[in-house]
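Descriptive analysis of the structure
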Amino acid sequence: MLSSVQNPRFLLIQCRRSKPFHHHQYPKSIHAISQVQSVSTSLPTSEIQKIQKSILSREKTARQFAEQFLNRLRLTEPYVKSFLHVSKTVLNEADEIDRKIDRNEDVGPLAGVLVAVKDNICTADMPSTAGSKILENYRPPFDATAVRKLKEGGAIIVGKTNLDEFGMGSTTEGSAYQVTANPWNLECVPGGSSGGSAAAVSARQCVVSLGSDTGGSVRQPASFCGVVGLKPTYGRVSRYGLVAYASSLDVIGCFGSSVADAGILLQSICGHDKLDATSSKREVNDFTSQFVAKDYFESQPLKGLRVGVISETLGDGVDQEVVSSIRGAISHLEELGCTVTEVSLPSFSLGLPAYYVLASSESSSNLSRYDGIRYGNQIVSDELSSLYGGSRANGFGPEVKRRILMGTYALSAGYYDAYYKRAQQVRTVVQKSFKAALDEHDILISPAAPSAAYKIGEKKNDPLAMYAGDIMTVNVNLAGLPALVLPCGFVKNGTASLPVGFQMIGAAFDEEKLLRVGHIFEQTLEGCSFIPPLIADELFKC
Amino acid sequence: MKTKQQPHSNFTETARAKAVEKALKDFEAIIGIETHVQLATMTKAFCSCAYSYGDQPNSCVCPVCMGLPGALPVLNSKVIEYAVMLGLALNCKLSMNSKFDRKQYFYPDLPKGYQISQFDIPIATNGFIDLDLPLEFGGGHRRFGITRVHMEEDAGKLLHTGTGNYSQVDLNRAGVPLLEIVSEPDMRTGVEAAEYAAELQRVVRYLGVSNGNMQEGSLRCDVNVSIRPIGQLEFGTKVEIKNLNAFSAMSRAIDFEIARQAALYNEGKADEIVQETRLWEEGSQKTVTMRKKEGLADYRYFPEPDLPEVILTEEYVNGIRDSLPELPDMKRRRYEDMGLSMQDVLFLANDVNIADYFEATIATVPDIKLATNWIMGDIAAYMKNEKLSINEIKLSPQELGELIASIKSGTISGKIGKEILFELMEKGGTVKGLIKEKDLVQIVDPVEIEKIVDKVITNNPKQLEQYRGGKTKLQGFFAGQVMKESKGKANPGILNKILLEKLNAKS
Ligand SMILES: [Zn+2]
């Protein structure tokens, strides 16, 4: 259990200089990671690889792993409340995997891995409410492509996680069903909108989880909950089956307790999908080849990597402790051989209003289908307009209504040019400035959020304050770029501490580089444990 | 086939004609048409559902066309192909870079709450259509402007119960691809408007992009009509007419509307002509107010983020241009050049299947006149009586050619040709086979004919006497008897020549 605030700057790293690092020689497979386990148990390791290795070697059964996670889920869920629905078939599915292993059948790279899925991602065998009353008890007739791929990889879907209604929010308090707590401090929010998925991984209720990220909904909760959050390039993962919030910004993202897990999860769900016209046909590389064991690192494994720190993100309005955590991460990257310089993105502050105009506009349209006619809650009425009005007034929460109103206004005749069109122009400017910065730098760095997690209720009635918290992340969605958030330090929170993550932004479709840098960063950040105290003791018993 | 206007009631018909004639002395009518054409693609515009008219409600649906949460549209590339085909056929300028937009409104037959359509950049603009007015309307060539052609999806249908207590939604039609064709306000009469629509129907059928069936709603026309005093430059108030299920209804509805508006003008009630949508009522032969337009509807169009831009390449467009079939107007000009009368031209080119049939026939026997006569005569009559299309009759154009050739060569008589035509249309088979089977070859051997003539004369001594006594009309009787005896096979020319010789011979 962590007893005090630990500044990561003092936690650095004895880089192993004994083994030379040659780019073409390191092992392609992530089996090498397992060697790290024996070296240091405090470093994040790939749980997915651990499970795969154990069940294939028959050291442990899939059922044993499943029971272990389900037990922890049962113990922690009354406090954390990450899940809106927990599958009843987890153990049966685990048994099925064990039987397959007994018969020497192929079980897939995610065999026995318990994956939690944000409840705005469609699952045919579980409800999919998107956190909204209007979809209460709604059960889709199909699996989202990402879910289908997970199942094909052998994963067990453990349940559906809580979120801000339709993904609109940054605290998960906007759920129509329940408030999820931050496992690090149950009085704090887990962030949002994928707060349930982040909290579930943080509390080790599942191995990895899927979230969605429209303006930071994977990255900010990853930072708040001390887990790794990966927002892929727009188009990298099929959106088919993701309940649309803002179609041009939405992406399905990954949570894990290590960079390797987030990467393996992405690997299994990404690629072109003929059911999503915006999914990219670009070839997908083997991300796992990036996860070299620490033993094989050179003294400066990131030598020559050009890192740009976005200067606008460390100024006013950003918590000083967050800034010093990021500075710590920067020093760490320098230790690893990176050349770090500051880079200015003058358009950065324009991103937030542009984002809210575009996301609201698209959402006002995307949510038109919830009219009570074909599915979802209906308020019966003799008159069509009151059937619509009643069903929507009753079914949507206040934040959703606010965004529908804003978006409808922004798209209205006479306002379109001043709002929607202008915001699109800003979006182009943002894209260009990121492009220019990424021509000069391999990756860009910023905090994932201006602060660590805050108290439940603190910003609930102050939407503008909540929106302002998205400043670090929305630009990345406007530009469609990939970004990885990983824990890098802590801030004081009373007598305890809360984790803080930093964001690495890469060029479009270059998740590979982010994963490589993130993995090396994480594997060399010794002395930092991002396991919440709530479960740390319990976890070591396993 | 062109159907003549069926008068529903002679009184209203003449009354309306008179009223329109009177109105058009003082006023000019300005008519523009919006046409929706359902495309005959195998699957819907944005999902893989097949659609066919009249299927069990909600049996051709999937998550995408039902607008379920999480479902996404993926464009059927045939829709673009058909749009480009029609754009080229209508002499339009193509947008090499267009996009889809969302048109937003709430209605129960619109599952997503928006229609995927094209707003500010339609795939084709600025074209025209050439047509020939039917002779019964005075004939003449017309060119009408096409403002734009854009791609969009159809909505579902509301099924109203008999009691009117509730309605049900059928989403079979939701997501079926449409092309909307907007004309310039170039038409001046109901007939011109109806002929514009008929020509558009021919074009889509020639291209094979739609069945163009108005009754099933595969081709739907909304008409905008306004009038202005002749000489006035500014347009009058535009009234939209819907529910036009046939070209004749279009023509009648527009004429009614012109007369209605003119009457209001003349009574000093021009301000009662308001911007509204009126429905054509077939029963009363009237247009009635459906809804008044309260300001302009705000559809909050914005670019559809679920679909990439539609980018055409020169190569793609050229490929389509090169494979376009001959279009109705080109065909009519070619038929005219072949020497066919305008009436024949309009008949043959009206239906691409008939035109194909005609051309396949003359490829077998190069006699344009005879082929035309047979097709427009007995074959057309048979099709009309039996309610069959040209593709449904069992006589192939090759066999029609064979039939014509057999008559021309004298193998069979024209009379026998006519007789076996019906058998061929009904049962099929070959001309040669039928001639052989029924022993129908014409008798042209004078010796054989003479034998029959002799036999008939011998068998009818009384009539012979009367003939020779001056009752020469009886020649017809003898000819008939000889024909009967030969089972219709005797060559009439030779028969008559021999018969006359024999009758007039002094014995
Ligand atoms: Zn469908």
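Residues numbered from 1 in each chain as written. Chains lettered and ligands numbered in written order. Predicted model: local features only at pLDDT ≥ 70, side-chain atom pairs only at ≥ 80, totals over all residues. Heavy atoms only, no water.

**Focus: the coordination of the zinc ion**
All names here are of chain B. Short version of the rule: For Na, K and Ca the donor cut-off is 3.2 Å, while for other metals it is 2.8 Å, and in both cases only N, O and S atoms qualify; water is not among them, so sites may look incomplete. Geometry assignment treats four donors as tetrahedral when all angles are between 85 and 135 degrees, treats four as square planar and six as octahedral when opposite donors are over 155 degrees apart and all others between 65 and 115, and treats everything else as irregular. Helix and strand definitions here come from DSSP, where helices need a minimum of 4 consecutive H or I residues and strands a minimum of 2 consecutive E residues; each element is numbered from the N-terminal end. Accessible area is worked out with a 1.4 Å probe on protein chains only. A residue is then buried under 20% of its type maximum, exposed over 50%, and partly exposed in between.
Coordination of the zinc ion by the protein is provided by Cys47 (SG), Cys49 (SG), Cys62 (SG) and Cys65 (SG), with metal-donor distances spanning 2.2 to 2.3 Å. One way to put it: the four donor atoms around the zinc ion meet at angles of 101 to 113°, and that makes the site tetrahedral. Between the donor residues of the zinc ion, the gaps in sequence give the motif C-x1-C-x12-C-x2-C. Placement of cysteine 49 in the loop between strand S1 (27-38) and helix H2 (77-89) and of cysteine 62 in the loop between S1 and H2 is noted, with a sequence separation of 13 residues between them. No difference in accessibility class separates cysteine 49 from cysteine 62, as the two residues are buried.

**As for helix H5 (residues 145-152) of chain A**
Residue and element names in this part refer to chain A. Defined as follows: Residues are treated as being in contact if the distance between any of their heavy atoms lies within 4.5 Å.
Those residues of H5 that fall on the buried side of the exposure criterion are Thr145, Ala146, Val147, Lys149 and Leu150. Against the buried residues of H5 lie strand S2 (114-118), strand S3 (156-161), strand S4 (208-213), strand S6 (251-256) and helix H8 (259-269). Phi for glycine 154, located one or two positions after H5, is positive at around 95°.

**Focus on the packing of helix H8 (residues 352-364) of chain B against helix H9 (residues 368-386) of chain B**
All names here are of chain B. Definition in use: Orientation is described by lines fitted to C-alpha atoms, with helices fitted over the stretch in contact, and by angles between N-to-C directions that extend from 0 to 180 degrees. For classification, angles of less than 35 degrees are called roughly parallel, those exceeding 145 degrees roughly antiparallel, those between 65 and 115 degrees roughly perpendicular, and all remaining angles oblique. Crossings are sorted by hand: turned counterclockwise from the far helix by less than a right angle, the near helix makes the crossing left-handed, and turned clockwise it makes it right-handed. Ten residue types, Ala, Val, Leu, Ile, Met, Phe, Trp, Tyr, Cys and Pro, are classed as nonpolar, four, Asp, Glu, Lys and Arg, as charged, and the remainder, Gly among them, as polar.
It is the contact of H8 with H9, at a shortest axis distance of 10 Å, that shows an interaxial angle of 135°. If you check the angle between H8 and H9, you find them oblique. Where H8 crosses over H9, the two elements pack in a sense that is right-handed. Of the residues in H9, those in contact with Ile354, Tyr357, Phe358, Thr361 and Ile362 of H8 are Ile368, Ala371, Thr372, Ile375, Ile379 and Met383. Class assignment for the residues of the contact of H8 with H9 results in nine nonpolar, two polar and no charged.

**Description of the sheet that holds strand S1 (residues 83-86) of chain A**
All names here are of chain A. Formally: Here a strand pair is declared whenever DSSP counts at least two bridges between the two strands.
Pairing in this open sheet of 11 strands is mixed, and the strands run S1-S3-S2-S4-S6-S5-S10-S11-S9-S7-S8 from one edge to the other. A single partner strand is all that each edge strand has here, and the edge strands are S1 and strand S8 (339-343). Going across the sheet, the axis of each strand differs from the next one's by a mean of 30°, ignoring polarity. In the sheet, strand S10 (residues 483-493) pairs with strand S11 (residues 496-505) via 10 bridges, with the strands oriented antiparallel. Within the sheet, the bridge partner assigned to leucine 484 lies in S11 and is methionine 504. Sitting on the sheet, helix H4 (residues 90-102) touches S2 and S3, and the angle it makes with S3 is about 160°.

**Some points on the interface of chain B and chain A**
Selection rule: Reported buried area values correspond to the accessible surface (1.4 Å probe) lost by two parts on association, with both partners' losses combined. Salt bridge criterion: a side-chain nitrogen from Lys or Arg within 4 Å of a carboxyl oxygen from Asp or Glu.
Residue-level contacts link 31 residues of chain B with 38 residues of chain A. Summing the contributions of chain B and of chain A, the shared interface buries around 2,700 Å²; its carbon and sulfur component is 60%. Ranking the residues of chain B by area buried against chain A places Pro69(B), Leu72(B) and Phe106(B) at the top, with a combined share of 23%. Summed over the shared surface of chain B and chain A, the result is one salt bridge.

**A look at the sheet that holds strand S15 (residues 302-303) of chain B**
Hydrogen bonds between backbone atoms are what pair the strands of a sheet, whose relative direction is either parallel or antiparallel. All names here are of chain B. Reading across the sheet, the three strands line up as S5-S4-S15 and stay open at both edges, with antiparallel pairing between neighbours. This sheet does not close on itself; its edge strands, each paired only once, are strand S5 (114-117) and S15. As defined by bridge partners, strand S4 (residues 101-104) adjoins S5 across four bridges and the pair is classed as antiparallel. Within the sheet, the bridge partner assigned to lysine 103 lies in S5 and is glutamine 115.

Scope: geometric values only; no functional claims are made or implied.
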